[in-house]
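# Close look at the chain arrangement
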Amino acid sequence: MKLIFVSGGVISGLGKGITASSIGRLLESRGIRVSAIKVDPYLNVDAGTMNPYEHGEVYVLDDGGEVDLDLGNYERFMDLHLTRDHNITTGKVYRTVIENERRGEYLGKTVQIIPHVTDEIKRRITSVARDSGADVVIVELGGTVGDMESMPFLEAARQLGRDLGREENVMFVHTTLVPIMGSVGEEKTKPTQHSVKELMSIGIRPDIIVCRCSEPITDSARAKIAMFCDVPEEAVISTPDARTTYEVPLNLERQGVADLIIDRMRLRPMTSRRDMSSWEGLVDRIVDPVREVRIALVGKYTSLADSYLSHLEAFTHAGAARRCRIRTVFVDSDRLTSEDPAEVLSGVDGIIVPGGFGTRGVEGMLAAARYARENKVPFLGVCLGFQIATIEFCRDVLGLEKANSTEFDPRTPDPVVCIMDEQRGISEMGATMRLGAQDVVVAEGSKAHALYGSALISERHRHRYEVNPNYIDRIEAAGWRFTGRSDCGTRMEIGELEGHPYFVASQFHPEFKSRPQRPSPLHQGLVDAALKN
Ligand code: GLN
């Protein structure tokens, strides 16, 4: 078993997740099988109950795991299908330890952070690594070295280095910040030195130091860091600001990161030549587009772009396929209730209404859907956006003025979107949703069928409410057709408006399975329609 731990120092938000993902991408391009684990030091058991404003979007896996958005980066960069066990949180670890204690499994011993919590962390990491069948598993340690919460995880990592053998089986990559100060633009290495010192005081000596800096770091800064932090100069890697995150693997490759890891861990690559040519082509199409479209994203978490990370990535993928830059215009849906939607949305080539929860902002989303429907502006609705499109259609086309979802108006006379029977009665938050990958049957001749190129697809879900079966015949007769269905046709999954260039919505989340080289078909459909607009 071989593990690469990726830690972070100085500040959070250094792009540790992208560094971890990029290393994985590089190893994979040499034919080495890679997997990845994210460790989150917070006490939440999973990310399902977290507000997107705080941590960015909740990413959903095939198995229904609601996880940290970094797992999305792993899946996109390394083209993996991960499971919920690949996100280890303090909450999960403590829950197990306390349950074990209640069952008397510690045989009367005092239960302590070391060894009981650290053993449970080690058990989880090694069992996931073993089950993954990968040659190397990258373990990203969330948080910043020095945080109280991360201590047990760092201690477990240190012990794993001892258990498995520091020589070839465990490596530590530490990411830090090298700020540039003053008018002369001097790089400051002191924060890096201090953070490495902190790591060493825990007993971990980094093998590679990745320095985030606005510019490539100079040779003298590199030499200084190498000297003070006791690593070879070639192990000091610089990650200057990139034009797209997909460029980071190429930067790391140029500095020999993959070779360094392969030599040190004695990995046996299937090919000594790096095959990054298709990735280079991808980056080229992203950074050097020949066209541009503007897509309005109408939602309620628009002040934090990370709340919609997977949508933005899906647009990057779909745009790259057409050498087209996607300019996302974030529109706070609340704005559309006080301002004229025609004014706010007039300059855009397409509109997306993504997922969301709760009543706030819903009327503005309805206004956006109506604007797109009436003005034949390309539109994609996802999850809540699908429900919004359905409600708007019922109100305006079927004349059911008070049509609503029971999520927003429990007493509506026309509950065209309502709660699923089997979810009724479950009240514990975080346990009530329909989650994960489910098969969807797509009608031949539909736009979705043309885009997916298949009549049977599998997409990920995260919702409680859905289209009320009692209204389906009426809705379809008026032109909002449900071209994707699941569970023997009982659940509505895709809607398409007749006589509109592109007005498509899905109950599932196509953004989670979008990959750089395989864009989400529904996002691709929106981009293509926007290009024609
Ligand atoms: N709030 C809606 C539901 O629970 C939509 C959820 C979502 O957009 N992810 O069904």
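To keep things clear, this report deals only with the structure shown in the data block. Fair warning: this is a prediction, and the values are worked out from it, not measured in the lab. (Residues numbered from 1 in each chain as written. Predicted model: local features only at pLDDT ≥ 70, side-chain atom pairs only at ≥ 80, totals over all residues. Heavy atoms only, no water.)

Each helix and strand in the protein chain was counted, giving 19 helices and 23 strands. Against the globule reference of 24 Å for 533 residues, the protein chain gives a C-alpha radius of gyration of 25 Å, in line with a compact fold. Seen along its three principal axes, the alpha-carbon backbone of the protein chain occupies a region of about 75 × 60 × 45 Å. The proportion of buried residues among the 533 residues of the protein chain is 58%. Put simply, of all contacts in the protein chain between residues at least 6 apart along the chain, 73% involve residues at least 24 apart. Averaging the coordinates of the 64 positive side-chain charges in the protein chain and doing the same for the 77 negative ones gives two points 2 Å apart. (Helix = DSSP H or I, 4+ residues; strand = E, 2+ residues; numbered from the N terminus. Rg over C-alpha atoms; globule rule 2.2 N^0.38 Å. Buried < 20%, exposed > 50% of the residue type's maximum accessible area, 1.4 Å probe, protein only. Contact = heavy atoms within 4.5 Å. Lys, Arg positive; Asp, Glu negative; His and termini not counted. Charge placed at Lys NZ, Arg CZ, Asp CG, Glu CD.)

Tracing the backbone through its elements, the reader meets Asp85 in the loop between helix H3 (70–78) and strand E5 (87–89). Taking relative accessible area as the criterion, Asp85 reaches 43% and is therefore assigned partly exposed. Separated by 169 residues in the primary sequence, Asp85 and Arg254 have C-alpha atoms spaced 33 Å apart.

Once that is clear, we can look at the sheet that holds strand E7 (residues 170–177). Hydrogen bonds between backbone atoms are what pair the strands of a sheet, whose relative direction is either parallel or antiparallel. Spatial ordering of the open sheet is given by E5-E2-E6-E1-E7-E10-E11, a layout of seven strands whose pairing is parallel. Two strands close off the open sheet at either side, each with one partner strand: E5 and strand E11 (236–240). For this sheet, the mean angle separating the axes of adjacent strands, direction not counted, is 20°. Note: strand E2 (residues 34–40) against E5, three bridges, orientation parallel. (Pairing = 2+ DSSP bridges. Axes fitted to C-alpha atoms, helices over the stretch in contact; angles between N-to-C directions.)

What follows deals with the site of the ligand. As a matter of local geometry, the ligand sits amid Gly355, Gly356, Phe357, Cys383, Leu384, Gln387, Glu407, Arg462, His463, Arg464, Tyr465 and His509. A distance of 3.4 Å separates a nitrogen atom of the ligand from a polar side-chain atom of His509. When contributions to the shell around the ligand are tallied by element, the ones reaching two or more residues are helix H16 (384–396) and strand E19 (456–463). Of the residues belonging to the shell around the ligand, the class tally is four nonpolar, five polar and three charged. (Near = heavy atom within 4 Å. Polar contact = N/O pair within 3.5 Å; in protein donor to acceptor, adjacent residues only side chain to side chain. Nonpolar A, V, L, I, M, F, W, Y, C, P; charged D, E, K, R; others polar.)

With that settled, the discussion passes to the packing of helix H1 (residues 16–29) against helix H10 (residues 257–265). Where H1 contacts H10, the axes come no closer than 9 Å and their chain directions differ by 70°. When the interaxial angle is binned, H1 and H10 end up roughly perpendicular. In contact with Ile23, Leu26 and Leu27 of H1, H10 contributes Val257, Ala258, Ile261 and Ile262. Of the residues in the contact of H1 with H10, the class split is seven nonpolar, no polar and no charged. (Parallel < 35°, antiparallel > 145°, perpendicular 65-115°, else oblique.)

It is worth spelling out the pairing of strand E6 (residues 136–141) at this point. Counting buried positions along E6 gives six out of six residues, so the element sits mostly inside the fold. Neither face of E6 is exposed, since Val136, Ile138 and Glu140 on one face and Val137, Val139 and Leu141 on the opposite face are all buried. Here six bridges tie E2 to E6, and the two strands are oriented parallel to one another. Considered in E6, the bridge of Ile37 is made with Val139.

Moving on: the nonpolar core. If you look at the biggest cluster of nonpolar residues, it comprises 57 residues, and the most contacted ones within it are Ile4, Ile23, Leu27, Ile208, Ile261, Leu267 and Trp279. Not counting chain neighbours up to four residues away, the residues in contact with Trp279 comprise Arg25, Arg76, Phe77, Tyr246, Pro249, Leu250, Pro516 and Gln517. Counting 41 residues, the second largest nonpolar core, distinct from the first, contains Ala368, Ala389, Ala403 and Phe408. (Core = buried A, V, L, I, M, F, W, Y, C linked by side-chain atoms within 4.5 Å.)

Enumeration according to the criterion identifies 11 aromatic pairs in this entry. Taken together, a centroid distance of 4.4 Å and an interplanar angle of 15° make the contact between Phe379 and Phe503 stacked. With Phe379 in strand E15 (residues 379–382) and Phe503 in strand E23 (residues 503–506), the pair connects residues that are 124 residues apart, well separated along the chain. No difference in accessibility class separates Phe379 from Phe503, as the two residues are buried. Each member of the aromatic cluster is reached from another via a ring pair, and the members are Phe379, Phe386, Phe393, Trp480, Phe482 and Phe503. (Phe/Tyr/Trp six-rings, centres within 6.5 Å; stacked < 30°, edge-to-face > 60°.)

For Asp207, the location among the structural elements is in the loop between helix H7 (190–201) and strand E10 (208–213). The residues touching Asp207, leaving out its near neighbours within four places in the chain, are Arg166, Val170, Met171, Phe172, Val231, Ala235 and Arg264.

To continue, consider the pattern of salt bridges. Per the counting criterion, the structure on display carries 44 salt bridges. The salt bridge involving Lys38 is made with Asp70; its shortest N-O contact spans 3.1 Å. Remark: Asp70 occurs in helix H3 and Lys38 occurs in strand E2; sequence separation between them is 32 residues. The residues Lys38 and Asp70 share a single accessibility class, namely buried. Residue Arg370 is joined to Glu392 by a salt bridge in which the shortest nitrogen-to-oxygen separation is 2.6 Å. One end of the pair, Arg370, is in helix H15 (residues 362–374); the other, Glu392, is in helix H16, and 22 residues separate them in sequence. The exposure class of Glu392 is buried, given its relative accessible area of 1%. (Salt bridge = Lys/Arg side-chain N within 4 Å of Asp/Glu carboxyl O.)

The next point concerns unusual backbone geometry. Here the bond from Ile114 into Pro115 is cis, since omega is 10°, no more than 30 degrees from zero. With respect to the helices, strands and loops of the structure, Pro115 is situated in helix H5 (residues 113–132). In this structure, Val10 is a non-glycine residue whose phi angle is positive, near 75°. Considering the arrangement of structural elements, one finds Val10 in the loop between strand E1 (3–8) and H1.

As a further point, take the pairing of strand E17 (residues 415–419). A large share of E17 lies buried, amounting to four of its five residues. Inspection of the sheet shows E17 paired to strand E20 (residues 465–467) by three bridges, in the antiparallel sense. By the bridge assignment for E20, Cys418 is matched with Glu466.

With that settled, consider the packing of helix H12 (residues 309–321) against helix H19 (residues 521–532). One way to put it is that H12 packs onto H19 with a least axis distance of 9 Å and a crossing angle of 60°. Here H19 runs oblique to H12, going by the angle between their axes. Classified by chirality, the crossing of H19 by H12 is right-handed. Two secondary-structure elements touch here, H12 through His311, Ala314, Phe315, Ala318 and Ala321 and H19 through His523, Gln524, Leu526 and Val527. (Left-handed = near helix turned anticlockwise from the far one by under 90°.)

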